[in-house]
Amino acid sequence: MPPIIAVSNQKGGVGKTTSVVNLAAGCGLAGLKTLVVDNDPQGNASSVLAERGQGTSIYAGGQPKPAGQRPNLWVITAGADLLEQEQILGRQNGGRLTLKQRLAPMADQFDVIFIDCPPNLSLLPINALLAASHLLVPLQCEYYALEGLSQLLAYVDELREGAQANLELCGILLTMFDPNHPLAVQVEREVRSHFSERTLPTVIPRDVSLAAAPSHGKTIFDYDPLSIGGLAYLAATKELLHGLKR
Ligand SMILES: Nc1ncnc2c1ncn2[C@@H]1O[C@H](COP(=O)(O)OP(=O)(O)O)[C@@H](O)[C@H]1O
Ligand SMILES: [Mg+2]
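Per chain, residue numbering runs from 1 following the sequence as it is written. By the order in which they are written, chains take letters starting at A while ligands take numbers starting at 1. A pLDDT threshold of at least 70 governs which residues receive local features in this predicted model, and a stricter bar of 80 or more applies before side-chain atom pairs are shown or counted, although totals over entire chains, interfaces and linings include all residues.

Trainee: Just to check I follow, could you spell out the site of ligand 1 for this structure?
Mentor: To decide whether a residue is near a molecule or strand, its C-beta atom is placed from the backbone and checked for lying within 6 Å of it. Surveying the vicinity of ligand 1 reveals 18 residues, the closest of which are Lys-16, Thr-17, Thr-18, Leu-210 and Ala-211. Elements represented by at least two residues in the shell around ligand 1 include exactly α1 (16-29) and α8 (208-212). Residues that form the shell around ligand 1 fall into these classes: seven nonpolar, eight polar and three charged. Note on conventions: DSSP H or I runs of at least 4 residues are helices, E runs of at least 2 residues are strands, and numbering of each starts at the N terminus. Amino acids outside the nonpolar list (Ala, Val, Leu, Ile, Met, Phe, Trp, Tyr, Cys, Pro) and the charged list (Asp, Glu, Lys, Arg) are all regarded as polar, and Gly is one of them.

Trainee: Would you take a moment to explain the pairing of strand β2 (residues 34-38) for this structure?
Mentor: Looking down a regular strand, the side chains alternate between one sheet face and the other. The element β2 is extensively covered by neighbouring structure, given that five of its five residues are classed as buried. Buried, partly exposed and exposed are defined by the number of other C-beta atoms within 10 Å of a residue's own C-beta, namely 20 or more, between the two limits, and 12 or fewer respectively, with C-beta atoms placed from the backbone. Side chains Thr-34, Val-36 and Asp-38 project from β2 onto one buried face, and the interleaved Leu-35 and Val-37 project onto a second face that is buried too. Of the pairings in the sheet, the one linking β2 to strand β5 (residues 112-116) comprises five bridges and is parallel in character. Each residue of the ladder has a partner; that of Thr-34, found in β5, is Val-112. DSSP bridges decide pairing: two strands pair if at least two such bridges lie between them.

Trainee: Hey, could you run me through the sheet that holds strand β3 (residues 65-66) in this one?
Mentor: Each strand in a sheet pairs with another by means of backbone hydrogen bonds, the pair being arranged parallel or else antiparallel. Read across the sheet, seven strands follow the order β3-β4-β2-β5-β1-β6-β7 without closing on themselves; strand pairing throughout is mixed. Looking at which strands have only one partner, the edges of the open sheet turn out to be β3 and β7 (168-175). With four bridges connecting them, strand β1 (residues 4-7) and β5 associate as parallel partners. Each bridged residue has a counterpart across the sheet, and for Ile-5 the counterpart in β5 is Phe-114. For every residue pair, C-beta atoms are placed from the backbone, and the pair is scored as a contact if these atoms sit within 7 Å. For helices, the axis comes from a line fit to the C-alpha atoms of the stretch in contact; other axes are also lines fit to C-alpha atoms, and the angle between any two N-to-C directions lies between 0 and 180 degrees. Against the sheet, helix α5 (residues 123-131) contacts β1, β5 and β6 (134-140), and its axis sits at roughly 150° relative to β1.

Trainee: I would appreciate a short explanation of the packing of α1 against helix α10 (residues 228-245) in the present structure.
Mentor: Two measures define how a pair of helices packs: the angle their axes make with one another and the distance between the axes. Contact pair α1 / α10: the axes reach a minimum separation of 9 Å and the direction vectors enclose 70°. Taken together, the axes of α1 and α10 are roughly perpendicular relative to one another. Residues Asn-22, Leu-23, Gly-26 and Cys-27 of α1 form the contact with α10, whose own contacting residues are Tyr-233, Leu-234, Ala-236, Thr-237, Leu-240 and Leu-241. For the contact of α1 with α10, the residue count by class is seven nonpolar, three polar and no charged. Angle categories are assigned with fixed cut-offs, so that under 35 degrees is roughly parallel, over 145 is roughly antiparallel, 65 to 115 is roughly perpendicular, and the rest are oblique.

Trainee: Got a minute to help me understand the packing of helix α4 (residues 98-107) against α5 in this structure?
Mentor: Between α4 and α5, the shortest axis-to-axis distance is 7 Å and the interhelical angle comes to 50°. Here α5 runs oblique to α4, going by the angle between their axes. The hand of the α4/α5 crossing is right-handed. On α5, the residues touching Thr-98, Leu-99, Lys-100 and Leu-103 of α4 are Asn-127, Ala-128, Leu-130 and Ala-131. Per-class residue counts for the contact of α4 with α5 are five nonpolar, two polar and one charged. Definitions for this section: a left-handed crossing has its near helix turned counterclockwise from the far helix by less than a right angle. A right-handed crossing has that turn clockwise.

Nothing here speaks to function; it is all geometry.
This is the structure we're talking about:
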């Protein structure tokens, strides 16, 4: 099985989708056959990588489609049904393992798989955490970031103790970083002192190109590869892949 990376953080607007789209595109450029599973009913990753609302979600049998002309990049879109799926899963016995079961037969076709998650700890992200071999947490360096992270990791431990989950934290990625903000610098220091091994050396800066690219339906490598955000995601891709190989 390839690495299956759940990109999760119960907070919204911390750079999960931006990280999924651009790390996945980076992996594709590096020659790895890469799949993005959009597991967020907001469908933001889908709207960059494919037509929004196109197809059905993976829960309803959605299959990988090429993500436009991008090299080695494939996507299973969120689908208009994803919001409803959450309720369907809630009524099913074992509705926590559906994503894992749906991914299993197709996983071997890929070298790496990313799962984008909604900003909560409901059944959709639970499905992602139970399907994944790895967890990547994008973290914005602000007050309460560490509390949120501890809460998420405690939750993952609970899933692990229930012997259902078998995932390992492969990275904390600091996002939207502003080096002129003293609090951001302090939070970075704290995160690195608690999770030195797990925090990716590269920090993703706040960058207008990263913010603008999705509105053009583009990854940062389509839109402005040499922007500071583009170079940062390239470096982060390399570090992530290096960490997975260890
Ligand atoms: N490094 C960055 N610099 C500037 N804007 C960013 C950056 N990362 C994300 N954004 C923007 O911030 C918003 C939230 O990011 P997003 O990736 O959608 O977060 P999430 O998926 O965690 O909700 C989006 O509008 C996105 O374009
Ligand atoms: Mg998102």
